Amino acid sequence: IYPIARIVVFKDPLLADVRSDLAVKSILGGLWQDRRGLRWVDPYQKTIWEYNVALAKEAARLGFREIQFDYVRFTSDGPTKECIYPGVDLRSKAEVIRDFLGYAYRELSPLGVKVSADVFGLTCSAKDDMGIGQVFSDIAEQVDVICPMVYPSHYYSGSYQLANPDRKPYETVFCSLTDAQKKLARINRQQVIIRPWLQDF
């Protein structure tokens, strides 16, 4: 048995409710919510980084051999143009996500645990951060394992010249992971493990 502790980082309605000063705000007033009514916290704020790393350290002490950070990105699934990040600075979203994972890795690796991060499947092929701060190669440089969520149902029509990627799961996953391997080769990080999330339905 290889135990992995999955920690949801920036989509954290519990923390947002308890510490509204750390939450993403809305230009309409109050706290921003996604389409499901859930609140997110501000990735720019170092307090949130420290909180999540403290949770990770506790998990490591309990015997987990890997810490897998999920929702390690900026807001999505809602009116993101209405978001206000109170801690915003001069860094880009991609730089913030990279810096958080670098900080987490430096704090956790002395404990002998692996550090992994979940990313959108489209980051394997995207040329930008997709508006959420996830750049595949930047994240790969900060972790031991990168986990692209290569769900065929999440790819738009025309991806990889496929009219309906959901109907071509093998081709979709193969093309996406091929692009991921090419990105790792360009940054000379072949030792990073690519461990894709696969849909089970």
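Details of the structure are given in the entry above.
Residues numbered from 1 in each chain as written. Predicted model: local features only at pLDDT ≥ 70, side-chain atom pairs only at ≥ 80, totals over all residues. Heavy atoms only, no water.

Caption draft 1: Structural context of the pairing of strand β3 (residues 66–70). The buried count for β3 comes to five of five residues, which makes it a mostly enclosed element. The alternating pattern of β3 places Glu66, Gln68 and Asp70 and Ile67 and Phe69 on opposite faces, both of which are buried. As judged from the five bridges shared by strand β1 (residues 4–8) and β3, these two strands associate in the parallel manner. Looking across to β3, one finds that Ala5 is bridged to Ile67. (Buried < 20%, exposed > 50% of the residue type's maximum accessible area, 1.4 Å probe, protein only. Helix = DSSP H or I, 4+ residues; strand = E, 2+ residues; numbered from the N terminus. Pairing = 2+ DSSP bridges.)

Caption draft 2: Expanded view of the environment of Ala140. Among the structural elements, Ala140 can be located in helix α4 (residues 136–140). On the accessibility criterion, Ala140 (0% relative accessible area) is buried. For Ala140 and Pro43, which are 97 residues apart along the polypeptide, the C-alpha to C-alpha distance reads 18 Å.

Caption draft 3: Representation of unusual backbone geometry. Of note, Met130 is a non-glycine position whose phi angle comes to about 60 degrees, a positive value. With respect to the helices and strands, Met130 occurs in the loop between β5 (114–120) and α4. By relative accessible area, Met130 is classed as partly exposed at 28%. Phi is positive for Gln161, close to 60 degrees, though the residue is something other than glycine.

Caption draft 4: The arrangement of the state of the cysteines in detail. Per the counting criterion, the structure on display carries zero disulfides. Distance from the sulfur of Cys175, which forms no disulfide, to the nearest cysteine sulfur (Cys124) is 11 Å. (Disulfide = S-S within 2.5 Å.)

Caption draft 5: Spatial organisation of a nonpolar patch on the surface. The grouping of Ile27, Leu28 and Ile84 at the surface amounts to a nonpolar patch, some 310 Å² of accessible area in total. With respect to the helices and strands, the residue Ile27 is situated in the loop between β2 (25–26) and α2 (46–61). (Patch = residues over 30% accessible without salt bridge, like charges linked within 9 Å, V, L, I, M, F, W, Y side chains within 5 Å. Areas by Shrake-Rupley, 256 points an atom, 1.4 Å probe, with all protein chains shown as cover. Salt bridge = Lys/Arg side-chain N within 4 Å of Asp/Glu carboxyl O.)

Caption draft 6: Region of interest: the nonpolar core. Counting 45 residues, the largest nonpolar core has Phe10, Ile67, Phe69, Phe100 and Leu101 as its most contacted members. At the level of elements, β1, α1 (13–18), α2, β3, α3 (93–108), β5, α4 and α5 (169–186) are the ones that each hand at least two residues to this core. When residues of this core are assigned to their parent elements, the largest contribution, seven residues, is made by α3. If we skip the residues at most four places from it in the chain, Leu101 touches Phe69, Val72, Ala117, Ile139, Gln142 and Val143. (Core = buried A, V, L, I, M, F, W, Y, C linked by side-chain atoms within 4.5 Å. Contact = heavy atoms within 4.5 Å.)

Caption draft 7: The arrangement of α3 in detail. Between its first and last C-alpha atoms α3 spans 23 Å; for 16 residues at 1.5 Å apiece the expected length is 22 Å, and the two agree. Taken together, the buried positions of α3 are Ala94, Val96, Ile97, Phe100, Leu101, Gly102, Tyr103, Ala104 and Leu108. Where α3 is buried, its residues meet α2, β3, β5 and α4. (Expected span 1.5 Å × (residues − 1).)

Caption draft 8: Molecular detail of the packing of aromatic side chains. With the rule as written, the count across this model stands at 11 aromatic pairs. Here the aromatic rings of Trp49 and Phe100 are separated by 5.8 Å at their centres, their planes lie at 70 degrees, and the arrangement is edge-to-face. Here Phe100 lies in helix α3 and Trp49 lies in helix α2, a separation of 51 residues in the sequence. For Trp49, a relative accessible area of 6% puts it in the buried group. With a centroid separation of 5.1 Å and an interplanar angle of 80 degrees, the aromatic rings of Phe74 and Tyr85 are classed as edge-to-face. (Phe/Tyr/Trp six-rings, centres within 6.5 Å; stacked < 30°, edge-to-face > 60°.)

Caption draft 9: Inspection of the layout of surface pockets at higher detail. In this structure, the largest pocket spans a volume of roughly 160 Å³. Lining the largest pocket, in full, are Phe120, Gly121, Leu122, Met130, Met149, Tyr151, His154 and Tyr155. A class-by-class count of the residues in the lining of the largest pocket yields six nonpolar, two polar and no charged. (1 Å grid on protein atoms, 1.4 Å probe; cavity = no way out; pocket = protein on both sides within 12 Å on 5 of 7 lines; lining within 4 Å. Points joined across faces, edges and corners; volume = space filled by probe spheres on them. Nonpolar A, V, L, I, M, F, W, Y, C, P; charged D, E, K, R; others polar.)

Caption draft 10: How the structure looks around α5. Helix length check: α5 (18 residues) gives 26 Å between terminal C-alpha atoms against 26 Å at 1.5 Å per residue, within 8%. Summarising the contacts, the buried residues of α5 are in contact with α4, β6 (145–149) and β7 (193–194). Directly beyond the C-terminal end of α5, a positive phi value near 55 degrees is found at Asn188.

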